[in-house]
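# Per-entry structural report
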Amino acid sequence: MRKIAWAARGISAATGALLLGALMAPAAAATGGPAPEPDPHAKRKCGPVARHVASAAPDFAFALGTVFRLATDRDGRAFLNDSRNQGVWIDLKTVPHAPKCVVDVAVSVEEANNGRLTLSLLSKTGVIYEARCTTSSTPFSPTNLAGTCGVGFQPLQATPV
């Protein structure tokens, strides 16, 4: 009789442990469902970055109606669009010394100096980089942008960010 009592207690304890484990297991593991999806930002070198857009519309003769746009993506890349070249977004890594992880952008056009375009990129490290590019009646493209931007991007000294 004692052997049966020990066996009953052993079965009762094993059943309780099994039930407790099933209740504490995550739902996906308990039902054999799919594993949780990985964080899409986890593998990014630049980390999760919000997207930003900036634009400038000059009003000098050859560029009337033109809009220059800068945008970032969540991977920290920056792109330029010249509205005269519709649908073409130029990766700014084609311009020498562009930062690798861009978190914000700004763009401006000087009316004097025959419409010099200033591209400003804020890097993840807090340093602002600027490139000054010469505009002309030829729209910017991936093949001609770097040649119009002189030495390329240069860090602004003593950036306060």
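Scroll up for the structure.
Below is a summary of the structure that appears in this document. Treat the numbers as computed from the prediction; the structure is a model and nothing was measured.

The rules behind the values
- Residues numbered from 1 in each chain as written.
- Predicted model: local features only at pLDDT ≥ 70, side-chain atom pairs only at ≥ 80, totals over all residues.
- Heavy atoms only, no water.
- Helix = DSSP H or I, 4+ residues; strand = E, 2+ residues; numbered from the N terminus.
- Buried < 20%, exposed > 50% of the residue type's maximum accessible area, 1.4 Å probe, protein only.
- Contact = heavy atoms within 4.5 Å.
- Areas by Shrake-Rupley, 256 points an atom, 1.4 Å probe, with all protein chains shown as cover.
- Salt bridge = Lys/Arg side-chain N within 4 Å of Asp/Glu carboxyl O.
- Core = buried A, V, L, I, M, F, W, Y, C linked by side-chain atoms within 4.5 Å.
- Disulfide = S-S within 2.5 Å.
- Pairing = 2+ DSSP bridges.
- 1 Å grid on protein atoms, 1.4 Å probe; cavity = no way out; pocket = protein on both sides within 12 Å on 5 of 7 lines; lining within 4 Å.
- Points joined across faces, edges and corners; volume = space filled by probe spheres on them.

## What about the overall build of the protein?
Within the protein, the secondary structure is distributed over three helices and eight strands. Put simply, the protein has 161 residues, and 31% of those count as buried. Taking all contacts inside the protein whose residues are at least 6 apart in sequence as the whole, residues at least 24 apart take part in 45%. Carbon and sulfur atoms make up 61% of the accessible area of the protein, which totals about 10,300 Å².

## Describing the pattern of salt bridges
Here the structure, examined in full by the defined rule, presents six salt bridges. Between Asp 75 and Arg 77 there is a salt bridge, with its nearest N and O atoms 3.8 Å apart. Judged by relative accessible area, Arg 77 falls into the partly exposed class, the value being 38%. Look at the salt bridges and you will find they share partners, linking Glu 110, Arg 116, Glu 130 and Arg 132 into a network.

## Side note on the nonpolar core
Ranked by internal contacts, the top residues of the largest apolar core, which has 23 residues, are Leu 80, Leu 92, Leu 117, Leu 119 and Leu 145. Looking at this core element by element, the count peaks at four residues for strand S5 (residues 102-110). With residues near it in sequence (within four places) discarded, Leu 92 still touches Leu 70, Ala 78, Phe 79, Leu 80, Ala 98, Leu 119, Leu 121, Leu 145 and Phe 153.

## Concerning unusual backbone geometry
Within the chain, His 97 stands out as a residue other than glycine whose phi angle is a positive 70°. The topology assignment puts His 97 in the loop between strand S4 (89-91) and S5.

## Considerations on the state of the cysteines
Tallying each qualifying case throughout the model produces one disulfide. Between the sulfur atoms of Cys 133 and its disulfide partner Cys 149 the distance amounts to 2.0 Å. Judged by the sign of its S-S torsion, about 95°, the bond between Cys 133 and Cys 149 is right-handed. Remark: Cys 149 occurs in the loop between helix H3 (145-148) and strand S8 (154-155) and Cys 133 occurs in strand S7 (residues 128-134); sequence separation between them is 16 residues.

## Comments concerning the sheet that holds strand S6 (residues 116-123)
Pairing is antiparallel across the open sheet formed by four strands, whose spatial order is S5-S6-S7-S8. Edge strands, defined here as strands with exactly one partner in the open sheet, are S5 and S8. Across eight bridges, the pairing between S5 and S6 is antiparallel. Its bridge partner lying in S6, Asp 104 is registered against Leu 122.

## Considerations on the layout of surface pockets
Estimated volume of the largest pocket: approximately 290 Å³. The wall of the largest pocket is formed by 15 residues, among which Gly 76, Arg 77, Pro 99, Lys 100 and Cys 101 lie closest to the centre.

## Details of the environment of Val 127
Considering the arrangement of structural elements, one finds Val 127 in the loop between S6 and S7. If sequence neighbours within four positions are ignored, Val 127 has contacts with Leu 121, Leu 122, Pro 155 and Thr 159.

## A look at the side chain of Thr 118
Within the secondary structure layout, Thr 118 lies in strand S6. Using a relative accessible area of 6% as the deciding quantity, one classes Thr 118 as buried. What Thr 118 contacts, discounting residues up to four positions off in sequence, is Ala 106, Val 107, Ser 108, Glu 110, Glu 130, Ala 131 and Arg 132.

## Some details on the pairing of strand S3 (residues 78-82)
Side chains on a regular strand alternate between the two faces of the sheet. The buried fraction of S3 is high, at five of five residues. Of the two faces of S3, the one carrying Ala 78, Leu 80 and Asp 82 and the one carrying Phe 79 and Asn 81 are both buried. One ladder, built from five bridges, connects strand S2 (residues 68-72) with S3; its direction is antiparallel. The residue of S3 that forms the bridge with Phe 68 is Asp 82.

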